[in-house]
Structures are given as C-alpha cells and as structure tokens.
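These are the residues of each chain, in order.
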Amino acid sequence: FFSAAACNIAFNTLSQVSNGNASVIVKINDRPNCTKYPNLVDLTTGAFKTLGKISSGKITGTINPLGTVSKGYIKKTLPTDVFKTLGLSLDSN
C-alpha cells in the first residue's frame, strides 16, 4: 500500500505516479505544506524507493489521477474490484 500527500488532488483518489519507466499507484490521503510547496507530491518511503533512490531526495515525474475510492477501505488493502470499478485493468508488472 502506497500513499501520498498532494495539494490539488482530492483525498481518497488513486493516482499513478511515474518516473521514467517506473510507476506506482498511490492513494492521496494527506496534504503537504501547500503554501510553500504547491506542486509537490510527497510519497511514502516505499513508493519513493520504487521510483528512485532515496539518497536523491527528490525526483521529477508525473502524476495521473485515476479515480476516487470510498473512505470505507481497510487500511493497507483495497477491495479486489476497485480497479475494475474505476475502469482500469492491471497487468502483472
């Protein structure tokens, strides 16, 4: 389970964050300091490690909101049909 903080994306939105050929799907569940960092997406450590080296501190990438999930999810899991409900299909990668 990966989560992130972002200013311009609604809470409970699944979003694909990409850096080059690597990408992760995160759930927006927090806000960074939006006055100071309006374009920042603050990823969990696990999500960041998937996209780049922690030692770099920052990476430049893209974020693509996929759709909103209900607040009633069980933390660290998503219902098995959530991607189907959003009209998305996932491959084994």
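Residue numbers here run from 1 along each chain, matching the order of that chain's written sequence. With the structure being a predicted model, the display of local features is reserved for residues of pLDDT at least 70 and the display and counting of side-chain atom pairs for 80 or more, all residues being used for whole-chain, interface and lining totals. Values shown for side chains rest on all heavy atoms present in the structure; no hydrogens or waters enter the calculation.

Chemist: Is there a simple way to explain the confidence of the model for the protein chain in this structure?
Modeler: Close inspection of predicted coordinates is inappropriate for parts of the model with low pLDDT. The pLDDT score gives, residue by residue, the confidence of the prediction method on a 0 to 100 scale. Model confidence for the protein chain is summarised by a mean pLDDT of 85, while 85% of its residues fall at 70 or above. A run of H or I in DSSP counts as a helix once it spans at least four residues, and a run of E counts as a strand once it spans at least two, with each numbered from the N terminus. The least confident element of the protein chain is helix α2 (residues 82-85), whose mean pLDDT is 75; the most confident is strand β4 (residues 41-43), at 95.

Chemist: Before we go on, may I ask you to explain the nonpolar core in this structure?
Modeler: When a protein is soluble and globular, its nonpolar side chains tend to lie buried together. Think of a nonpolar core as a cluster: buried Ala, Val, Leu, Ile, Met, Phe, Trp, Tyr and Cys residues, connected wherever their side-chain atoms sit within 4.5 Å. Remark: exposure states derive from per-residue accessible area (1.4 Å probe, protein chains only) relative to the maximum for the residue type, with buried under 20%, exposed over 50%, and partly exposed in between. The biggest cluster of nonpolar side chains holds 11 residues, and these are Ala4, Ala6, Ile9, Val17, Val24, Val26, Ile28, Leu43, Ala47, Phe48 and Leu51. Secondary-structure elements contributing two or more residues to this core are β1 (3-6), β3 (22-30) and α1 (45-51). Every residue pair with non-hydrogen atoms within 4.5 Å of one another is taken to be in contact. For isoleucine 28, the residues in contact, after removing those within four places along its chain, are Ala4, Ala6, Ile9, Ala10, Phe11, Asn12, Thr13, Ser15 and Ile63.

Chemist: Hey, could you run me through the packing of aromatic side chains in this one?
Modeler: Pairs of aromatic rings are described using the distance from one ring centre to the other and the angle between the two planes. Whether two aromatic rings pair depends on their centres lying within 6.5 Å, for rings of Phe, Tyr and Trp, where Trp uses its six-membered ring; planes under 30 degrees apart make the pair stacked, over 60 edge-to-face, and the rest tilted. For the coordinates displayed, the defined rule picks out 0 aromatic pairs. A cation over a ring is seen here: arginine 31 above phenylalanine 11, with NZ or CZ 4.1 Å from the ring centre. Only when the NZ of Lys or the CZ of Arg is both within 6 Å of the ring centre and within 35 degrees of the ring normal is a charge said to sit over the ring.

Chemist: In this structure, what is going on with the state of the cysteines? I would like to understand it.
Modeler: Note on terminology: a disulfide is the covalent bond linking the sulfur atoms of two cysteines. Disulfides are defined as cysteine sulfur pairs within 2.5 Å. Taken as a whole and assessed by the stated rule, the structure comprises 1 disulfide. The disulfide that involves cysteine 7 links it to cysteine 34, with 2.2 Å between the sulfurs. Between cysteine 7 and cysteine 34 the disulfide shows an S-S torsion of about -110 degrees. By sign, it is left-handed. Linking cysteine 7 in the loop between β1 and β2 (13-19) with cysteine 34 in the loop between β3 and β4, this pair joins segments that are 27 residues apart in sequence. Here cysteine 7 falls in the buried class, since its relative accessible area comes to 15%.

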